Amino acid sequence: MLFGRRLTIAVAVALSAGLVAAMLAPPDRVQGNLQRLMYIHVPAAWLAYLSFAVTLGSSVAWLWRRQMRYDRVAAASAEVGVFFTGLAIALGSIWGKPTWGVWWTWDPRVVTTAVMFFVYLGYLALRRATLDPTARARRSAVFGVVAFVQVPIVHMSVVWWRALHQPPTVLKPGDPSIDHVMLATLLLNVLAFTLLYLLLLRARTRLAAVEEELETAPLGEGQELAGSAVLAPRLERS
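Cut-off values and rules
Residues numbered from 1 in each chain as written. Predicted model: local features only at pLDDT ≥ 70, side-chain atom pairs only at ≥ 80, totals over all residues. Heavy atoms only, no water. Core = buried A, V, L, I, M, F, W, Y, C linked by side-chain atoms within 4.5 Å. Buried < 20%, exposed > 50% of the residue type's maximum accessible area, 1.4 Å probe, protein only. Helix = DSSP H or I, 4+ residues; strand = E, 2+ residues; numbered from the N terminus. Contact = heavy atoms within 4.5 Å. UniProt positions renumbered as here; feature names shortened; annotations may be inferred. Phe/Tyr/Trp six-rings, centres within 6.5 Å; stacked < 30°, edge-to-face > 60°. Lys NZ or Arg CZ within 6 Å of the ring centre and 35° of its normal. Expected span 1.5 Å × (residues − 1). Salt bridge = Lys/Arg side-chain N within 4 Å of Asp/Glu carboxyl O. Polar contact = N/O pair within 3.5 Å; in protein donor to acceptor, adjacent residues only side chain to side chain.

Asker: Residues and numbers for the nonpolar core, please.
Answerer: Ranked by internal contacts, the top residues of the largest apolar core, which has 17 residues, are Leu7, Val11, Leu47, Phe84, Leu195 and Tyr197. Among the secondary structure elements, those contributing two or more residues to this core are helix H1 (5-24), helix H2 (38-65), helix H3 (68-100) and helix H7 (180-216). When residues in this core are grouped by element, the largest group, 7 residues, is from H7. Leu195 has contacts with Leu7, Ala10, Val11 and Ala14, leaving out every residue within four places of it along the chain.

Asker: Can you explain the UniProt feature "transmembrane region" (unreviewed entry) in the protein chain? Please cite residues and give values.
Answerer: Sites flagged by UniProt as "transmembrane region" (unreviewed entry) map to residues 46-64, 76-95, 110-129, 141-161 and 181-200. A helix fraction of 100% and a strand fraction of 0% characterise residues 46-64, whose end C-alpha atoms lie 27 Å from each other. Spanning residues 110-129, this segment combines 100% helix with 0% strand, and its end C-alpha atoms are found 29 Å apart.

Asker: Requested: an account of the packing of aromatic side chains, with residues and values cited.
Answerer: By the definition in use, this model includes 7 aromatic pairs. Taking the centre distance of 5.1 Å and the plane angle of 70° together, the rings of Phe83 and Phe84 count as edge-to-face. Residue class for Phe84 comes out buried when judged on its relative accessible area of 1%. Centroid distance Tyr120 to Tyr123: 6.4 Å. Interplanar angle 50°. Geometry classified as tilted. Taken together, the residues Tyr120 and Tyr123, both in helix H4 (residues 108-129) and 3 residues apart, mark about one turn of the helix. Residue Tyr123 is classed as buried on the basis of its relative accessible area, which comes to 0%. Members of the aromatic cluster, each reached through a chain of ring pairs, are Phe52, Tyr120, Tyr123 and Phe143. Of note, Arg65 hangs over the ring of Trp64, and the distance from its end group to the ring centre comes to 4.2 Å.

Asker: Give a description of H3 that names residues and reports values.
Answerer: Compared with an ideal rise of 1.5 Å per residue, which puts 33 residues at 48 Å, H3 spans 46 Å between its outermost C-alpha atoms and is within 8% of the ideal. Just beyond H3, the residue with positive phi is Gly101, at close to 90°.

Asker: Describe the pattern of salt bridges, naming the residues involved and giving the relevant values.
Answerer: Pairing between side chains of opposite charge can happen when their charged atoms approach one another. Summed over the entire model, instances satisfying the criterion amount to 3 salt bridges. A salt bridge links Arg127 to Asp71, with the nearest nitrogen and oxygen atoms 2.8 Å apart. Of this pair, Arg127 sits in helix H4 while Asp71 is found in helix H3, placing the two residues 56 residues apart along the sequence. Exposure class is identical for Arg127 and Asp71. Each is buried. Linking Glu79 and Arg204 is a salt bridge whose minimum nitrogen-to-oxygen distance equals 2.7 Å. Separated by 125 residues along the polypeptide, Glu79 in helix H3 and Arg204 in helix H7 bring together distant segments of the chain. The exposure class assigned to Glu79 is partly exposed, which follows from its relative accessible area of 31%. A network of salt bridges, in which partner residues are shared, links Glu79, Arg204 and Glu211.

Asker: How would you summarise H4 if you had to cite specific residues and measurements?
Answerer: Taking 1.5 Å per residue, 22 residues should reach 32 Å; H4 reaches 31 Å between its end C-alpha atoms and fits that length. Each element contacted by the buried residues of H4 is listed here: H2, H3, helix H5 (133-147) and helix H6 (150-160). Where H4 begins, one side-chain oxygen reaches toward the backbone nitrogen of Arg109, 2.9 Å away; that side chain belongs to Asp107.

Asker: Can you explain the side chain of Gln150? Please cite residues and give values.
Answerer: Position of Gln150 relative to the elements: it lies in helix H6. When its relative accessible area of 15% is taken as the criterion, Gln150 is described as buried. Aside from chain neighbours lying at most four places away, what touches Gln150 is Thr112, Val115, Met116 and Val119.

Below, the structure written as structure tokens:
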């Protein structure tokens, strides 16, 4: 059990502290209060990276050990990652409308993030389409390893192709180009979202274990499929 109930309490406290800090942090000199979206948008993007990195590591572990627990973690982390990627895209669109004047633009960072989102949707679709547990784990593990190439492409897109999206302000050589109060608030929210990720990953992994037990459990005595439970009417002899 990963930290038990203490993890749930830690998530609630961290998210509350992050929200208060985001409201108290100074507004951006140019964008004003609109910039406060950063305190959710950036952690969501970070969680997408982390989620898919865990999927990568768990996929490699399954290919090495052939243990289903690694497959469960890979799948659960990918689901959480898809959620946070979608959240990052949605918040980026809301932020981009007043800043760039459009809801969507063919900016390299935006496009590569959308591609990553659909690639991992394909990963989840592959899992749903494969019924055999071992074949599903094997195919998903290979897919999970290959798909991770999207993450460095997304992160480096603002360096390789200069367009509308700003370049890195934190994960770069040298001092971060952001006010230190804003940076502390951002890092607090990154921590809060990371704890939230662990909570969601734990819950989804447990659910996957239950689903796996139901898939592999043999029908016991007295158990019948729904179709076989329908009995034909008996003909009475006159």
